[in-house]
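The primary structure of each chain is shown beneath.
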Amino acid sequence: MSHPLRVVVVNGSPNERSKTMGLAGLVTSRLSESLPVELHQIDVYRLGPSFAGATVREDVPPEVEHQIRLVEEADVVIAATPVFRASYSGMFKHFFDLVDQYGLANKPVILVATGGSDRHALVIEHALRPLFGFFQAATAPVGFYANAGDFDGTVVLNGEVYSRVEVGLADIMPQLKALAAGPHRARG
């Protein structure tokens, strides 16, 4: 019997209205058209000063611990970040610094990034993929990148971006469907 996939988006953008969440929203909407999903979004900019000041996981308050556990217990993680100085945002990295070293092992992770121009597109291969390689996560073969010109505000307008999302999700859909059809795991 199929169960909804627990999908958690970790949004590394420092703003409420962001192109990064526009692209991540496109990915999650296309995903939910193919599979039932239970969607959670973690906005790192909302986690507060106690999160930013935590140097070890034991220092985070209970509400931040809950957010970290959501990621560790997710069926699928969508890691979404804008590019800052050729890499992911600092708050995004800090969040994953607090995730258990084996908390994402073999977990499907979909990589999403946005930047000012196409010159930043390699952030997926040179920064995000190695980060999740450390966790031994099962990163999707195709990551999703869009530049500022692909948007009107936070809405993706470029048809090529839509096409890349469709093709990339089609590549991993058999694995995701098998995951949804697998034994129902106890909810944490």
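Basis of the calculations
- Residues numbered from 1 in each chain as written.
- Predicted model: local features only at pLDDT ≥ 70, side-chain atom pairs only at ≥ 80, totals over all residues.
- Heavy atoms only, no water.
- Helix = DSSP H or I, 4+ residues; strand = E, 2+ residues; numbered from the N terminus.
- Rg over C-alpha atoms; globule rule 2.2 N^0.38 Å.
- Contact = heavy atoms within 4.5 Å.
- Areas by Shrake-Rupley, 256 points an atom, 1.4 Å probe, with all protein chains shown as cover.
- Lys, Arg positive; Asp, Glu negative; His and termini not counted.
- Charge placed at Lys NZ, Arg CZ, Asp CG, Glu CD.
- Axes fitted to C-alpha atoms, helices over the stretch in contact; angles between N-to-C directions.
- Parallel < 35°, antiparallel > 145°, perpendicular 65-115°, else oblique.
- Left-handed = near helix turned anticlockwise from the far one by under 90°.
- Phe/Tyr/Trp six-rings, centres within 6.5 Å; stacked < 30°, edge-to-face > 60°.
- Expected span 1.5 Å × (residues − 1).
- Buried < 20%, exposed > 50% of the residue type's maximum accessible area, 1.4 Å probe, protein only.
- Polar contact = N/O pair within 3.5 Å; in protein donor to acceptor, adjacent residues only side chain to side chain.

Chemist: Mind showing me how you'd approach the overall build of the protein chain here?
Modeler: Of the regular secondary structure elements, the protein chain holds six helices and eight strands. Beginning at the N terminus, the succession of helices and strands in the protein chain can be written as β-α-β-α-α-β-α-β-α-β-β-β-β-α. The C-alpha atoms of the protein chain give a radius of gyration of 16 Å, which matches the 16 Å a tight globule of 188 residues would have. Its C-alpha atoms put the protein chain at 45 × 45 × 25 Å along the principal axes. Long-range pairs, those at least 24 residues apart, make up 82% of the contacts in the protein chain with a sequence separation of at least 6. When the accessible surface of the protein chain is split by element, carbon and sulfur atoms take 54% of a total near 9,000 Å². Of the side chains in the protein chain, 16 bear a positive and 20 a negative charge, and the two mean positions are spaced by 1 Å.

Chemist: Whenever I open this one, the packing of helix α1 (residues 19–34) against helix α6 (residues 159–181) confuses me. Can you help?
Modeler: For any two helices packed against each other, one specifies the crossing angle of their axes together with the interaxial distance. Between α1 and α6, the least distance of the axes is 10 Å, while the angle of their chain directions is 45 degrees. Taken together, α1 and α6 sit at an angle that is classed as oblique. Seen from above, α1 lies across α6 with right-handed handedness. The residues of α6 that touch α1, namely those facing L23, L26, V27, R30, L31 and S34, are V161, Y162, V165, E166, L169, M173, L176 and K177.

Chemist: What am I meant to see in the packing of aromatic side chains here?
Modeler: Centre distance and the angle of the planes are the two values used to describe a pair of aromatic rings. Per the stated rule, a full pass over the model turns up eight aromatic pairs. These aromatic residues form a ring-pair network of at least three members: F51, Y88, F92, F95, F96, F132, F134 and F135.

Chemist: Explain helix α3 (residues 62–73) to me, please; I cannot follow it from the model alone.
Modeler: Each α-helix winds once per 3.6 residues, and so residues spaced three or four apart point in a common direction. The end-to-end C-alpha distance of α3 is 16 Å, a good match for the 16 Å that 12 residues give at a rise of 1.5 Å each. By the burial criterion, the buried members of α3 are V64, E65, Q67, I68, L70, V71 and E72. Where α3 is buried, its residues touch β1 (5–11), β2 (37–43), α2 (49–52), β3 (76–82) and α4 (90–97).

Chemist: Would you mind going over unusual backbone geometry with me for this structure?
Modeler: Trans is the prevailing form of peptide bonds, just as negative phi is the prevailing case for residues other than glycine. Of note in this structure, A86 is not a glycine but carries a positive phi near 70 degrees. Mapping A86 onto the fold places it in the loop between β3 and α4. Backbone geometry places N106, a non-glycine residue, at a positive phi of 65 degrees. Its location among the elements puts N106 in the loop between α4 and β4 (108–115).

Chemist: Whenever I open this one, the environment of S18 confuses me. Can you help?
Modeler: Within the element layout of this structure, S18 appears in the loop between β1 and α1. You can call S18 buried: its relative accessible area is 7%. Within the structure, S18 has its side chain in polar contact with the backbone nitrogen of M21 (distance 3.0 Å).

Chemist: Please clarify how the side chain of T114 should be interpreted in this entry.
Modeler: As for its position among the elements, T114 is in strand β4. A polar side-chain atom of T114 sits 2.6 Å from a polar atom in the side chain of T20.

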